[in-house]
Amino acid sequence: MARVVTFGEIMLRLSPPGFERLLQSPTLSATFGGGEANVAVSLAQFGLDSHFVTALPKHAIGDAAIRALRAENVATDLIIRSGSRVGIYFAESGASQRASTVVYDRAHSSVSEMAPDAVDWSAVMRGADWFHVTGITPALGANGAEATRRALAAAHSAGVKVSVDLNYRKKLWTEAQAQQVMGPLMRSVDVVIANEEDLQSVLGVHVEGTDVTSGQLDLAGFRDAAERVTRDFGPSMVAITLRESVSASDNGWSAVLWHAATSTMHHSQRYDVRLIDRIGGGDSFAAGLIYGLVTGRAPAPALRFAVAASALKQTIPGDFNRVSVEEVDRLAGGDASGRVQR
């Protein structure tokens, strides 16, 4: 069983019922989620030995976050108990022409104030097969950026495969800040995961001749951009998700994967997804790709698995992707009927 480690922030998610506006009624459902935590849960669902590193306060909300992870079979022994608060985000699901809305309340969260040397990263990477982090964690501040740098260096030194989902968040930092911090980190990364905006904002790499919002996809432009990432920054693979936003309810979903070793651009199958909850879609894609690659699948089938996994996630409320390998393989193999499986 492959051992995979992820590092980042798990947050308390507060959402109104169904497709209501925030506080339309005096009810909010409370669940947990966050980029790397979502990946850890997916990988645990797929049967891997999944470990999550973060910092959580020693109080009831911190305890509840740990219980939520343990309930999904994520190992929590590497979590630091420190700080005083769990970050919160309010998520309102959009529909048709009304876009989804997210409001963050995460300043001074435990993981953002965690000392960079709080984790013995050399020990964490011992015996690990894969390490994953997103661009959200270094965007939390100087402590998060330095902890991410140390984690990536330890993983690279230990020969652990590393993936980074660029995941640009303009509410956390500017493009200039992102490029200054993230560019040097790429030398320790094997697989970069991004969308078109991420490549531009975080690495300064523009995709020519493409407008995903209008459905205009020029694969040559994506190939050129991905090849530039591998040439200028060092990773051997670049995965780019392609979301075509028809409305807040309907999206086209596919992806490409550039493999520098073979100079091959793989293009996945495409799904028309009726969205239930798009939050966590990119995280479930990352988890699917990691699962495929760490279990020895070739790049093309690993990409198919990742796109199918993320298409299924976007039909499930909440951050976590609650699907099995068998369900994903069935969809990736061409069964998109939605028939009852007996």
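Everything below is about the structure shown above.
Note that the structure is a prediction, hence the values are computed from the model and not measured.

J.: What's the story with the packing of aromatic side chains in this structure? I'm lost.
T.: Pairs of aromatic rings are described using the distance from one ring centre to the other and the angle between the two planes. For the structure on display, the rule yields six aromatic pairs. Considering the side-chain rings of Phe 7 and Trp 121, the 4.9 Å spacing of their centres and the 65° angle between planes classify their relative orientation as edge-to-face. Note that Phe 7 is positioned in strand E1 (residues 3-7) and Trp 121 in helix H3 (residues 121-125), a separation of 114 residues in sequence. Assessed through its relative accessible area of 4%, Trp 121 is described here as buried. Both rings, one in Tyr 89 and one in Tyr 104, keep their centres 6.2 Å apart while their planes meet at 40°; by these two values the pair is tilted. Of this pair, Tyr 89 sits in strand E7 (residues 88-92) while Tyr 104 is found in strand E8 (residues 101-105), placing the two residues 15 residues apart along the sequence.

J.: Would you explain helix H6 (residues 175-185) in this entry?
T.: An α-helical turn contains 3.6 residues, so any two residues separated by three or four positions project in the same direction. Buried within H6 we find Ala 178, Met 182, Gly 183 and Leu 185. Down the axis of H6, the sector holding all buried residues measures 150°, keeping them to one side. In H6, those exposed residues whose orientation departs by more than 90 degrees from the buried face are Ala 176, Gln 180 and Pro 184. On the buried face of H6, the contacting elements are helix H4 (136-139), helix H5 (142-158), strand E10 (161-165), helix H7 (196-203) and helix H8 (219-233).

J.: Could you clarify how one ought to interpret the nonpolar core in this entry?
T.: One recurring pattern in soluble globular proteins is that nonpolar side chains are buried together. Of all hydrophobic cores here, the largest spans 50 residues; its most connected members are Trp 121, Phe 131, Leu 166, Met 186 and Leu 199. Discounting residues that sit within four places of it in the chain, Phe 131 has contacts with Val 5, Thr 6, Phe 7, Trp 121, Met 125, Ala 151, Leu 152, Ala 155, Val 160, Lys 161, Val 162 and Ser 163. Ranked by size, the runner-up nonpolar core spans 38 residues in total, among them Ala 255, Leu 275, Ala 309 and Ala 332.

J.: Quick question: what am I supposed to make of the pairing of E10 here?
T.: Consecutive side chains along a regular strand alternate between the two faces of the sheet. For E10, the tally of buried residues reaches four of five residues, placing the bulk of the element in the interior. Across five bridges, the pairing between strand E9 (residues 130-134) and E10 is parallel. Its bridge partner lying in E10, Thr 134 is registered against Asp 165. Looking at chain direction, E10 and strand E11 (residues 191-194) are connected through three bridges and run parallel. Bridging across to E11, Val 164 finds its partner in Val 192. On the question of chirality, the crossover connecting E10 to the parallel E11 by way of H6 is right-handed.

About the cut-offs
Residues numbered from 1 in each chain as written. Predicted model: local features only at pLDDT ≥ 70, side-chain atom pairs only at ≥ 80, totals over all residues. Heavy atoms only, no water. Phe/Tyr/Trp six-rings, centres within 6.5 Å; stacked < 30°, edge-to-face > 60°. Helix = DSSP H or I, 4+ residues; strand = E, 2+ residues; numbered from the N terminus. Buried < 20%, exposed > 50% of the residue type's maximum accessible area, 1.4 Å probe, protein only. Arc of directions from axis to C-beta. Contact = heavy atoms within 4.5 Å. Core = buried A, V, L, I, M, F, W, Y, C linked by side-chain atoms within 4.5 Å. Pairing = 2+ DSSP bridges. Right-handed = clockwise from strand over helix to strand, strands pointing away.

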